[in-house]
Amino acid sequence: MKREEFIYSGEPVPPIREQEHPDFYLQLQRVILARLKDRELLTEPEYVRCIEDLEKLKKPENLVKELFYVDR
């Protein structure tokens, strides 16, 4: 995966949609989980399980399920 940096220049930021930038969203979710673990709001097993779940969701065969999932 190519690493990109997002630097805020003070101008209005266009919307960043998950469908257009899936790598950005995946990395953002990983960073949030790591931060929660660092602050001891997640245990190591919880963190590992969340990362595994993220990776499962991002597999191509699961993307269609994610798009049409409705929580009722």
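Residues numbered from 1 in each chain as written. Predicted model: local features only at pLDDT ≥ 70, side-chain atom pairs only at ≥ 80, totals over all residues. Heavy atoms only, no water.

*Asks:* So what's going on with helix α2 (residues 44-57)? Residues and values would help.
*Replies:* With 14 residues, α2 ought to run about 20 Å at 1.5 Å a step, and its terminal C-alpha atoms sit 20 Å apart, in line with that. Listing the buried residues of α2 in full gives Y47, I51 and L54. Along the axis of α2, the buried residues cluster in a sector spanning 60°; they form a single face. Summarising the geometry of α2, the exposed residues directed more than 90 degrees from the buried face are P45 and R49. (Helix = DSSP H or I, 4+ residues; strand = E, 2+ residues; numbered from the N terminus. Expected span 1.5 Å × (residues − 1). Buried < 20%, exposed > 50% of the residue type's maximum accessible area, 1.4 Å probe, protein only. Arc of directions from axis to C-beta.)

*Asks:* Summarise the environment of E55; cite the residues concerned and give the values.
*Replies:* Within the secondary structure, E55 is located in helix α2. Residue E55 is classed as partly exposed on the basis of its relative accessible area, which comes to 41%. For the pair E55 and L26, spaced 29 residues apart in the sequence, the C-alpha separation amounts to 8.6 Å.

*Asks:* Go over helix α1 (residues 22-38) with me, naming the residues and quoting the values.
*Replies:* The end-to-end C-alpha distance of α1 is 24 Å, a good match for the 24 Å that 17 residues give at a rise of 1.5 Å each. Where α1 terminates, the next one or two residues include E40, which has phi positive at roughly 60°.

*Asks:* Hey, could you go over the packing of α1 against α2 for me, with residue numbers and the actual values?
*Replies:* Contact geometry of α1 with α2 gives a least axis separation of 10 Å together with a crossing angle of 175°. Comparing their axes, α2 and α1 come out roughly antiparallel. Contacts between α1 and α2 pair L26, Q29, R30, L33, A34 and K37 from the former with E44, Y47, C50, I51, L54 and E55 from the latter. By residue class, the composition of the contact of α1 with α2 is 7 nonpolar, 1 polar and 4 charged. (Axes fitted to C-alpha atoms, helices over the stretch in contact; angles between N-to-C directions. Parallel < 35°, antiparallel > 145°, perpendicular 65-115°, else oblique. Contact = heavy atoms within 4.5 Å. Nonpolar A, V, L, I, M, F, W, Y, C, P; charged D, E, K, R; others polar.)

*Asks:* Could you give an account of the packing of aromatic side chains, naming the residues involved and the relevant values?
*Replies:* The full count for this structure, using the stated rule, is 1 aromatic pair. Where F24 meets Y25, the ring centres are 5.9 Å apart and the plane angle is 85°; that geometry is what we call edge-to-face. Across from the ring centre of Y47, 4.6 Å away, lies the NZ or CZ of K37, which sits over that ring. (Phe/Tyr/Trp six-rings, centres within 6.5 Å; stacked < 30°, edge-to-face > 60°. Lys NZ or Arg CZ within 6 Å of the ring centre and 35° of its normal.)

*Asks:* How would you sum up the pattern of salt bridges? Please name residues and give values.
*Replies:* Counted under the stated rule, the structure contains 4 salt bridges. K37 is the partner of E44 in a salt bridge, and the nearest nitrogen-oxygen pair spans 3.2 Å. Of the residues examined, E44 reaches a relative accessible area of 44% and is grouped as partly exposed. Taking the shortest distance from any N to any O, the salt bridge between D53 and R49 comes out at 3.3 Å. Within this pair, D53 and its partner R49 are both found in helix α2, separated by 4 residues, close to a single helical turn. (Salt bridge = Lys/Arg side-chain N within 4 Å of Asp/Glu carboxyl O.)

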